[in-house]
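# Chains, contacts and geometry: an overview
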Amino acid sequence: MDFRLLSDQKILEALAHRFRALRLERNITQSQLAADAGIGVATLRRFERGEGNLSLLNMIALMKALDCITQLEHFLEQPGDSPMQTLRSQGSGYLAEPQQRQRASGERSRTDETGWEWGDDA
């Protein structure tokens, strides 16, 4: 089901239908579920009919009572590292440790094969 195409009311009705189907699948009465979740039976009935507005706290309580709270992992995935955290962990860009300069080995002579030296041209 593509929830992006549905109105808010249709999404609420779809969620209510899924909760009701799960409750019936587990053979739990509305009274039992309401008591287990700590909400009123009338609240649960209104929700299952797609009426009213169930609070997020009540929905979490229902999910716990139906033992489907792990489904919240799919609701909003855990965000990954930010780009700055990735750069820091890789040591990239300006966050990288400066590289050690390499020096030429051995000493250089200030004279070349022609015998010319710095300052001789004056």
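See the structure printed just above.
Residues numbered from 1 in each chain as written. Predicted model: local features only at pLDDT ≥ 70, side-chain atom pairs only at ≥ 80, totals over all residues. Heavy atoms only, no water.

It is worth spelling out a nonpolar patch on the surface at this point. Taken together, the side chains of L72, F75 and L76 present a nonpolar region at the surface, about 340 Å² in accessible area. Here L72 lies in helix α5 (residues 72–75). (Patch = residues over 30% accessible without salt bridge, like charges linked within 9 Å, V, L, I, M, F, W, Y side chains within 5 Å. Areas by Shrake-Rupley, 256 points an atom, 1.4 Å probe, with all protein chains shown as cover. Salt bridge = Lys/Arg side-chain N within 4 Å of Asp/Glu carboxyl O. Helix = DSSP H or I, 4+ residues; strand = E, 2+ residues; numbered from the N terminus.)

On to the side chain of E48, then. Relative to the helices and strands, E48 is located in helix α3 (residues 41–48). In contact with E48, not counting residues within four places along its chain, are A16, R20, R23 and Q30. (Contact = heavy atoms within 4.5 Å.)

Turning our attention to the packing of helix α2 (residues 30–37) against α3. Running from N to C, α2 and α3 cross one another at 115°; their axes reach a closest spacing of 9 Å. As far as their axial angle goes, α3 and α2 are roughly perpendicular. Read as a crossing pair, α2 and α3 show a hand that is right-handed. From α2, Q30, S31, L33 and A34 reach across to α3, where they touch V41, L44, R45 and E48. Among the residues making up the contact of α2 with α3, the classes are represented as four nonpolar, two polar and two charged. (Axes fitted to C-alpha atoms, helices over the stretch in contact; angles between N-to-C directions. Parallel < 35°, antiparallel > 145°, perpendicular 65-115°, else oblique. Left-handed = near helix turned anticlockwise from the far one by under 90°. Nonpolar A, V, L, I, M, F, W, Y, C, P; charged D, E, K, R; others polar.)

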